[in-house]
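Here are the chains, one letter per residue:
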Amino acid sequence: NAGVTQTPKFQVLKTGQSMTLQCAQDMNHEYMSWYRQDPGMGLRLIHYSVGAGITDQGEVPNGYNVSRSTTEDFPLRLLSAAPSQTSVYFCATGQGFGQPQHFGDGTRLSIL
Amino acid sequence: GENVEQHPSTLSVQEGDSAVIKCTYSDSASNYFPWYKQELGKGPQLIIDIRSNVGEKKDQRIAVTLNKTAKHFSLHITETQPEDSAVYFCAASRGGQLTFGSGTQLTVLP
């Protein structure tokens, strides 16, 4: 039982490149979300999904796209990377609103 | 939107002493308040949570209290141990959005 798996663990990009961060879960959770963590700012919600085919914006959605075609996967896409998107990205899953969230170990992304 | 403030940003205690971390929130409709522990290089891990219909919850050495009127909640760790050293985050939830505090670096000195 892997829980929440994020790939890759580390990535370096150049400004303007595109990339997809992967998140997969085997807990059959309907709710999935993406956060970014920057020093001194805690975690900020980027996008979330309450089930396959349904996504919504969080606090900081600009520059990121998501889709949810299956219960298990929730990829995060950067269409044109910018240095301001250098951060640690975490995926989380849960049974629904107001339920405990289970986090992956993150993707550390640097954009030069 | 919701705003969560967390204090202190750093906290050092002697092993065996208690540690208290405090958070305030702005949205009176928030109804779920989890606490997470994050170790270096890892994702946050839920350690305890409380809902708005409960004033206090305990789990062994960890307790959380909630004051809905004042809109603040606190994490209490008793008999601290070196393995309690980590970054702790509070959060508040209304609907699908979880808003985090900025974190507290707890160091337990042997």
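Anything mentioned here points back to the structure above.
No experiment lies behind these values; they were computed from the predicted model shown.

Peer 1: Tell me about the packing of aromatic side chains, and name the residues and values.
Peer 2: Residues and elements named next belong to chain B. Inspection of every chain in the model, using the stated rule, returns 13 aromatic pairs over all chains. Here the aromatic rings of F33 and F73 are separated by 5.0 Å at their centres, their planes lie at 50°, and the arrangement is tilted. Remark: F73 occurs in strand β8 (residues 72–77) and F33 occurs in strand β4 (residues 32–38); sequence separation between them is 40 residues. The buried category is assigned to F33, whose relative accessible area is 0%. Between W35 and F73 the ring centres are 5.6 Å apart and the planes differ by 65°, which places this aromatic pair in the edge-to-face class. One end of the pair, W35, is in strand β4; the other, F73, is in strand β8, with 38 residues separating them in the sequence. Neither residue differs from the other here; W35 and F73 are each classed as buried.

Peer 1: Run through the state of the cysteines, naming residues and quoting values.
Peer 2: With the rule as written, the count across this model stands at two disulfides over all chains. Through a disulfide, C23 of chain A is tied to C91 of chain A; the S-S separation comes to 1.9 Å. Looking down the S-S bond of the C23 of chain A and C91 of chain A bridge, the torsion is -70°, so its handedness is left-handed. Here C91 of chain A lies in strand β9 (residues 87–94) and C23 of chain A lies in strand β3 (residues 19–25), a separation of 68 residues in the sequence. Assigned by exposure class, C23 of chain A and C91 of chain A land together as buried. Disulfide pairing places C23 of chain B opposite C90 of chain B at an S-S distance of 1.9 Å. On the S-S bond that ties C23 of chain B to C90 of chain B, the torsion sits near -100°, and the link is left-handed. Residue C23 of chain B is located in strand β3 (residues 19–25), and its partner C90 of chain B is located in strand β9 (residues 86–94); the two are separated by 67 residues in the primary sequence. The pair formed by C23 of chain B and C90 of chain B is uniform in burial state, with each residue classed as buried.

Peer 1: Explain the sheet that holds strand β1 (residues 4–7) of chain B residue by residue, including any values.
Peer 2: Residues and elements named next belong to chain B. Spatial ordering of the open sheet is given by β1-β3-β8-β7-β6, a layout of five strands whose pairing is antiparallel. The two strands at the open ends of the sheet, each matched to only one other strand, are β1 and β6 (56–59). Within this sheet the neighbouring strands show an average axis-to-axis angle of 15°, counted without direction. For strand β7 (residues 62–67) and β8, the ladder comprises six bridges, and the chain directions are antiparallel. Among the inter-strand pairings, I62 is bridged to a residue of β8, identified as I77.

Peer 1: Any details on the pattern of salt bridges? Residues and values, ideally.
Peer 2: Residues and elements named next belong to chain A. Enumeration according to the criterion identifies seven salt bridges over all chains in this entry. Notably, a salt bridge pairs R36 with D38, separated by 2.9 Å at the nearest N-O pair. Owing to a relative accessible area of 9%, R36 belongs among the buried residues under this scheme. What makes D38 buried here is its relative accessible area of 11%. Through salt bridges with shared partners, a single network forms among R36, D38 and R44.

Peer 1: Hey, could you go over the environment of P39 of chain A for me, with residue numbers and the actual values?
Peer 2: When you line up the elements, P39 of chain A lands in the loop between β4 (31–37) and β5 (43–51). Considering only alpha carbons, one finds P39 of chain A and H29 of chain A, ten residues apart in sequence, at a separation of 29 Å.

Peer 1: Describe the side chain of Q37 of chain A, naming the residues involved and giving the relevant values.
Peer 2: Considering the arrangement of structural elements, one finds Q37 of chain A in strand β4. At 2.9 Å, the side chain of Q37 of chain A forms a polar contact with the side chain of Q38 of chain B. Those residues in contact with Q37 of chain A that sit more than four places away from it in its chain are G42, L43, S87, V88 and F90 of chain A together with Q38 and F89 of chain B.

Peer 1: Describe the pairing of β3 of chain B, listing the residues and the values that go with them.
Peer 2: Two faces, one strand: in a regular strand the side chains alternate between the faces of the sheet. Residues and elements named next belong to chain B. Alternating positions in β3 separate cleanly, A19, I21, C23 and Y25 being buried on one face and V20, K22 and T24 remaining unburied on the opposite face. Sheet topology note: the β1/β3 ladder contains four bridges and is antiparallel. The residue bridging H7 from the neighbouring strand is K22, located in β3. Judged from the six bridges that link them, β3 and β8 form a sheet pairing that is antiparallel. Within the sheet, the bridge partner assigned to T24 lies in β8 and is H72.

Conventions and cut-offs
Residues numbered from 1 in each chain as written. Chains lettered and ligands numbered in written order. Predicted model: local features only at pLDDT ≥ 70, side-chain atom pairs only at ≥ 80, totals over all residues. Heavy atoms only, no water. Phe/Tyr/Trp six-rings, centres within 6.5 Å; stacked < 30°, edge-to-face > 60°. Helix = DSSP H or I, 4+ residues; strand = E, 2+ residues; numbered from the N terminus. Buried < 20%, exposed > 50% of the residue type's maximum accessible area, 1.4 Å probe, protein only. Disulfide = S-S within 2.5 Å. Pairing = 2+ DSSP bridges. Axes fitted to C-alpha atoms, helices over the stretch in contact; angles between N-to-C directions. Salt bridge = Lys/Arg side-chain N within 4 Å of Asp/Glu carboxyl O. Polar contact = N/O pair within 3.5 Å; in protein donor to acceptor, adjacent residues only side chain to side chain. Contact = heavy atoms within 4.5 Å.

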